[in-house]
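Analysis of the macromolecular model
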Amino acid sequence: MDDSAIERVLAAVKFDAQGLVPAIAQAHDGGEVLMMAWMNRDSLIETLKSGRVVYWSRSRQALWRKGDTSGHEQHLRELRIDCDGDTLLAIVDQTGAACHTGARTCFFRKADVAGLAEAETFRPCGHDHA
Ligand SMILES: [Zn+2]
């Protein structure tokens with residue numbers, strides 16, 4: 001994506017007072033919701049330029065290229081901006097597990113009558129994604 005196209009995307013995004021926007025990652029294959037993290041302007045630019053999903057780590061206060069330490073990379077298929085521009089949806093090819101716990105998705109727990117239960121559709125990723 002060239003710089004003028006990136007500028008048009010940036011103009012459509014409403015960053016919050018901290019300069020951040022929530023970004024949801026969804027699996028291109030199967031549509032599973034994988035995780036939610038934050039992007040700032042620089043991470044969004046880097047994501048669009050490189051095709052690798054880059055977040056902003058609020059805990060480390062640094063750009064976080066997903067997979068650089070874990071190997072669990074996210075390759076961007078499509079970036080969508082929601083109706084009012086305050087949430088992003090990254091449709092990705094996920095290598096291995098999206099969650100740092102090793103689960104395929106961060107959303108592997110569900111609220112049920114007993115309190116919390118494991119969501120049976122969200123099994124830890126057992127595939128060999130080497
Ligand atoms: Zn997680």
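Residues numbered from 1 in each chain as written. Predicted model: local features only at pLDDT ≥ 70, side-chain atom pairs only at ≥ 80, totals over all residues. Heavy atoms only, no water.

Considering the overall build of the protein chain
Selection criterion: Secondary structure elements follow DSSP: runs of H or I of four or more residues count as helices, runs of E of two or more count as strands, with numbering from the N terminus. Within these notes, the globule rule equals 2.2 Å times the number of residues to the 0.38 power, and the radius of gyration is based on C-alpha atoms.
On a plain count of helices and strands, the protein chain comes out with two helices and eight strands. If you list the helices and strands of the protein chain from N to C, you get α-β-β-α-β-β-β-β-β-β. Relative to the 2.2 N^0.38 estimate, which gives 14 Å for 130 residues, the radius of gyration of the protein chain is 15 Å and therefore close to what a compact globule would have. Reported as C-alpha extents along the three principal axes, the dimensions of the protein chain are approximately 50 × 35 × 30 Å.

A closer look at the side chain of Gln-94
The condition that has to hold: Any pair of nitrogen or oxygen atoms within 3.5 Å is treated as a polar contact; in protein, a donor-acceptor pairing is required on top of that, and neighbouring residues in sequence qualify only through side-chain atoms on both sides.
Summarising the element assignment, Gln-94 is placed in strand β6 (residues 88-94). At 2.8 Å, the side chain of Gln-94 and the side chain of Gln-74 are in polar contact. At 3.3 Å, the side chain of Gln-94 and the backbone oxygen of Ala-97 are in polar contact.

Focus: helix α1 (residues 3-12)
The line we're drawing: Type-normalised accessible area, obtained with a 1.4 Å probe on protein chains alone, sets the label of each residue: buried when under 20%, exposed when over 50%, and partly exposed for intermediate values. Within this analysis, the arc is defined by the directions that extend from the helix axis to the C-beta atoms. Contact criterion: two residues are considered in contact whenever any of their non-hydrogen atoms come within 4.5 Å of each other.
The complete set of buried residues in α1 reads Ala-5, Ile-6, Val-9 and Leu-10. Around the axis of α1, the buried residues are gathered within 140° of arc, so they sit on the same side. Across α1 from its buried face, at more than 90 degrees, point the exposed residues Arg-8 and Ala-11. Elements in contact with the buried residues of α1: α2 (41-50) and β5 (74-81).

Here's the deal with the environment of Ser-70
Structurally, Ser-70 can be placed in the loop between β4 (62-65) and β5. Assessed through its relative accessible area of 41%, Ser-70 is described here as partly exposed. Between the alpha carbons of Ser-70 and Cys-99 there is a distance of 10.0 Å; along the sequence they are 29 residues apart. Within the structure, the side chain of Ser-70 is placed 3.0 Å from the backbone nitrogen of His-72, a separation counted as a polar contact.

Comments concerning the pairing of strand β3 (residues 54-57)
Regular strands show a simple pattern: their side chains alternate between the two faces of the sheet. Inclusion rule: Each pair of strands is called paired provided DSSP finds at least two bridges between the two strands.
Where burial is concerned, the two faces of β3 agree: the one with Val-54 and Trp-56 and the one with Tyr-55 and Ser-57 are both buried. Between β3 and β4, which pair antiparallel in sequence order, lie four residues; one of them, Gln-61, sits at a positive phi of approximately 50°.

A few points about unusual backbone geometry
Glycine aside, residues mostly have negative phi angles, and peptide bonds mostly take the trans form. Even without a glycine there, the phi angle at Gln-61 is positive, about 50°. Looking at the secondary structure, you find Gln-61 in the loop between β3 and β4.

Overview of the packing of α1 against α2
Our working definition: Fitting a line to C-alpha atoms yields each axis, with helices limited to the stretch in contact; the angle taken between N-to-C directions then spans 0 to 180 degrees. Small angles under 35 degrees read as roughly parallel and large ones over 145 as roughly antiparallel, with 65 to 115 read as roughly perpendicular and the rest as oblique. Two helices that cross are described as forming a left-handed crossing if the nearer one is turned anticlockwise from the farther one by less than a right angle, and a right-handed crossing if clockwise.
Relative orientation of the contacting elements α1 and α2 amounts to 135°, with a least axis distance of 11 Å. Taken together, the axes of α1 and α2 are oblique relative to one another. Note that α1 runs across α2; the crossing there is right-handed. Contacts from Asp-3, Ile-6, Glu-7, Val-9 and Leu-10 of α1 reach α2 at Arg-41, Leu-44, Ile-45, Leu-48 and Lys-49.

Thoughts on the nonpolar core
What counts here: Nine residue types can take part in a nonpolar core, namely buried Ala, Val, Leu, Ile, Met, Phe, Trp, Tyr and Cys, and a core is a set of them joined through side-chain atoms within 4.5 Å.
By size, the foremost hydrophobic cluster in this structure holds 22 residues, and its most contacted members are Leu-34, Met-35, Met-39, Leu-44, Tyr-55, Leu-79 and Leu-88. With residues near it in sequence (within four places) discarded, Leu-79 still touches Val-9, Leu-44, Leu-48, Leu-88, Leu-89 and Ala-90.

Section: a nonpolar patch on the surface
Put simply, the rule is: Patch members must show over 30% relative accessible area and no salt bridge, and they are joined within 9 Å when carrying like charges or within 5 Å when they are nonpolar side chains of Val, Leu, Ile, Met, Phe, Trp or Tyr. Surface accessibility follows the Shrake-Rupley procedure with a 1.4 Å probe radius. Residue values consider only the protein chains on display as shielding. One speaks of a salt bridge when a side-chain nitrogen belonging to Lys or Arg is within 4 Å of a carboxyl oxygen belonging to Asp or Glu.
On the surface, Val-33, Met-36 and Phe-107 cluster together into a nonpolar patch covering about 240 Å² of accessible area. Take Val-33: it is sitting in strand β2 (residues 33-39). For Val-33, a relative accessible area of 35% puts it in the partly exposed group.

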